[in-house]
Every structure is written in structure tokens, then in C-alpha cells.
Amino acid sequence: MSYSTADSLRSVTLDDVRGAQKMLTGVARTTAMEGSRHLSQLVGSPVHLKCENLQRTGSFKLRGAYVRIAGLLPEERAAGVVAASAGNHAQGVALASSLLGVHSTVFMPDGAPLPKISATRHYGAEVRLHGQVVDETLAAAQEYAAETGAVFIHPFDHPDVIAGQGTVGLEILDQCPEVGTIVVGMGGGGLAAGIAVAVKSIRPDVRIVGVQAAGAAAYPPSLAAGHPVTVANPATMADGIKVGRPGDVPFAIVRELVDEVRTVGEDQLSAALLLCLERAKLVVEPAGAGPVAALLAEPGAFAGPVVAVLSGGNVDPVLMQRVLRHGMSAQGRYLAVRLRLTDRPGALATLLGVLSAADANVLDVSHVRTDPRLGLSEAEVELHLETKGPAHCTEVGQALREAGYPVID
């Protein structure tokens, strides 16, 4: 299903993006570009991080939303705007509308994180919760638009939105004129399409690489088919790029101008988010970490200098905890072991002494004495340990075996 209107199918030009850049002066920040020594060493050439996670509202979405709403006719502004989003687009529309004096109504899923709901209201939008998934929320927003005359602001499938997102590309060229490859996350494709229009119009030699979460990768099959196709039940922790179907407008641009689309898994996204936090000291949401995940997955595939676009930093604290644990586990920094020991006083303390000597940090202990599988004098212990990496996990296992503790698979 497409959410475009017939007049929105016009192409996007460099002049559109430059016009959007003028319109956004004093509204959107020119976000920082930070070098990454760690990623540069991995890739073998300079790697820079374009920090849209530090943009107002925490993502690039403000750019496109503001340009779209600013371009409405007076009578359209009077009718107000409506949007549907689980977070980033919601906040962008809310702030853009407030800055332009336009009433906004934003539909969000019932399960949207409370910090994102609160932020959207804080920016001035009327928030309505509807549906369990974004498709249901989109349908409710469009129904509201039909009933009230409010203008539906699509998150990616409109030329004005794409032109606004394309201003990120102009900033990249200003901040890193020698750039060889730009790596950018993709959901519906608005950001990648905008960057591609801006950059390829000025520097056609720059390689543009889009990155999708493997569980929500609608672009590879769509590009193979030659038209947008829908991926059923997209599933990924990266809710910012969890889109089941490319937009018609960005798809046409991506097909023409984006050089490659790669996919990354959940483990890679977790590891990338953890790297951004530990090495770059940047809070990035899973969708924003996609480009870094692609660099980690195959560092030799990118000609430098490389710019990785960190598209957003709006991550729910609860999800952040889960993702960090997942990322540490993916890097071999968590170890779960089950073993049996004699059920006698001091047995657990002795075991913990072995782990302490091996420099493993015990996070959790589960002690089972009543189980039909156990002998009369046996107990089973499950331990969750924090380690220093895969090699240390091997050392801890060896220390347990040498101490006479058989590890249960």
C-alpha cells in the first residue's frame, strides 16, 4: 500500500535540497561530524560519524517534517496536520508544527515507549494512541485526515520530506569534501534518497550504501522486482527502520542513485550500538547504529574516507539495557554456565572462589536442589558471568574443568 498522493510523485532535485537548506536555517542544527579511530583502523581509512543523533528532537526527522509543513498552503495549515509514528517522526512533526504555528495530531501505537510519547506531547502535539502495530496507527491517522481535512504528513514518501532529509548530504560534503563512501540506514528510504540526490548531483563518484535490518529488509526484494514490494511481519529491534514497504518516491531515487543496499543482523546492531557508546561516547538508537553495524560486519568493503550517518539517538532506557546486554553477549562478554556440585556447606563459596581467581564477575546465581535429575547429595548451579571476551570465556571454562566442575551443556 502506498501513502503517496498523485502530486507527490514528482522527482526531487538538487535545487529542492538547497531550497530546503535555506528554509531550515535557524531551525535544524548543522550536526557534528566526529572521527572514529577504532573504526578507521578496522576499515583501513578515515571513518567519520555524522551525528544526527544530536539533532533537535534526537533525529534527522525534523528536517523533512519542517520543510513539508512549511510548504503547505495557508488553508492547509489552518486545517492542521496529522502524522503516525512510533517515535522519531512524531517528535519531528510535533516540533516543526509548533515552530510554524500549526496544530498537529500524532497517532502513536499503544505500545510506544513512554519517553517518546512524553516528548511528542512536550513538543506541542496532541497525541492519540491507537493500534498495536504502526500499520494500524497509519490507517487511523489517514482516517482522521479524511474526516477532518488535516494534512497527512508522511514520514518518507513525499518530495518535500526527501528534500529536507537531503540537507544531511549537503552538510556531509561541506564537512568532509573528500568523502568516498556514505553509509546510511534505510527504512522507507527517505533519508538515503535525499542524501543520494544531494551528493550524487555534486559528487557522482561518491558511493552511497544503504543499510537495512535483516528482519525488515524490504529494499533488496523490491530492487530485484523493480518496484516496491511488501515484507510481511517485519521484525527488528531497530524500530526506526522497521518499515514493511519502501515509499514510491524514495524507491525511484534509491533505484537510480544508491549504489548498494546491505543488511545487518540483530547481533551486529547490538554490537554497533555498544561500540558507539563505549568508543565514541554517543547514545545511538539501534536504527542509527545500522551503518556502524555494516562497517563492523565487513570493514574491507568500504572505500574511504567513509561517513556513517548516525540517524537518531531516541532509545528507550529499558530497550537500551536489553540491547547493551545483547551486544555484550554477542561480543562474548557474558557467559552462562550450568554445573553440578556436592550439596554441602561451603561448596558454593568454593566454586565462587574458582571464578574469582579466573577474574570472572558473577552477575547472577541460580541454585537448584530439588530436581529428579539430581542425586541425593547433588545441587545444580546456573551462573551468569561477565567476562572480557571470547578468549576469557574459554579460560573460565578451562578453570572450572581443572577444578573438577563438569560443565553441563
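Now for a quick tour of the structure. (Residues numbered from 1 in each chain as written. Predicted model: local features only at pLDDT ≥ 70, side-chain atom pairs only at ≥ 80, totals over all residues. Heavy atoms only, no water.)

In this section: the pattern of salt bridges. Applying the stated rule across the entire model yields eleven salt bridges. Put simply, K50 and E171 hold a salt bridge, and the shortest N to O gap is 2.7 Å. In this pair, K50 is assigned in strand β2 (residues 47-51) and E171 in helix α8 (residues 159-175), connecting sequence segments 121 residues apart. E171 carries the same exposure label as K50, and that label is buried. R128 is the partner of E126 in a salt bridge, and the nearest nitrogen-oxygen pair spans 3.0 Å. On the basis of relative accessible area, R128 is assigned to the partly exposed category, the value being 33%. (Salt bridge = Lys/Arg side-chain N within 4 Å of Asp/Glu carboxyl O. Helix = DSSP H or I, 4+ residues; strand = E, 2+ residues; numbered from the N terminus. Buried < 20%, exposed > 50% of the residue type's maximum accessible area, 1.4 Å probe, protein only.)

Between its first and last C-alpha atoms helix α7 (residues 134-148) spans 21 Å; for 15 residues at 1.5 Å apiece the expected length is 21 Å, and the two agree. Of the positions making up α7, those classed as buried are T137, L138, A140, A141, Y144 and A145. Taken down its axis, α7 places every buried residue within 165° of arc, on the same side. Opposite the buried face of α7, by more than 90 degrees, sit the exposed residues D135, A146 and E147. (Expected span 1.5 Å × (residues − 1). Arc of directions from axis to C-beta.)

This brings us to the pairing of strand β3 (residues 81-84). Here β3 shows no split at all, with V81 and A83 on one side and V82 and A84 on the other all buried. Two strands pair when backbone bridges link them, and β3 and strand β4 (residues 104-108) are joined in this way by four bridges, in the parallel orientation. The residue of β4 that forms the bridge with V82 is T105. Handedness of the β3-helix α5 (residues 88-100)-β4 crossover: right-handed. (Pairing = 2+ DSSP bridges. Right-handed = clockwise from strand over helix to strand, strands pointing away.)

On to the sheet that holds strand β8 (residues 207-213), then. Overall, mixed pairing links the six strands, which are arranged β1-β2-β10-β7-β8-β9 in an open sheet. The open sheet has two edge strands, β1 (33-35) and β9 (260-264), and neither has a second partner. Averaged over neighbouring strand pairs, the angle between their axes works out to 25° when direction is ignored. Pairing analysis gives three bridges linking β1 to β2, with the strands arranged antiparallel. Counterpart to M33 in the pairing with β2 is K50. Strands β1, β2, β7 (181-185) and β10 (306-310) of the sheet are contacted by α8, whose axis makes an angle of about 140° with β2. Those strands touched by helix α9 (residues 190-202) are β7, β8 and β10, and its axis lies near 160° from that of β7. (Axes fitted to C-alpha atoms, helices over the stretch in contact; angles between N-to-C directions. Contact = heavy atoms within 4.5 Å.)

Looking now at the nonpolar core. Core analysis: the largest hydrophobic core is formed by 63 residues, its most contacted members being I69, I182 and I195. Counting residues per element, this core draws most heavily on α9, at eight residues. Those residues within four positions of I182 in sequence are excluded, and the remaining contacts are I172, I195, V199, V206, R207, I208, V209, V307 and V309. Formed by 36 residues, the second largest nonpolar core is a distinct cluster that contains L49, A238, L274 and L310. (Core = buried A, V, L, I, M, F, W, Y, C linked by side-chain atoms within 4.5 Å.)

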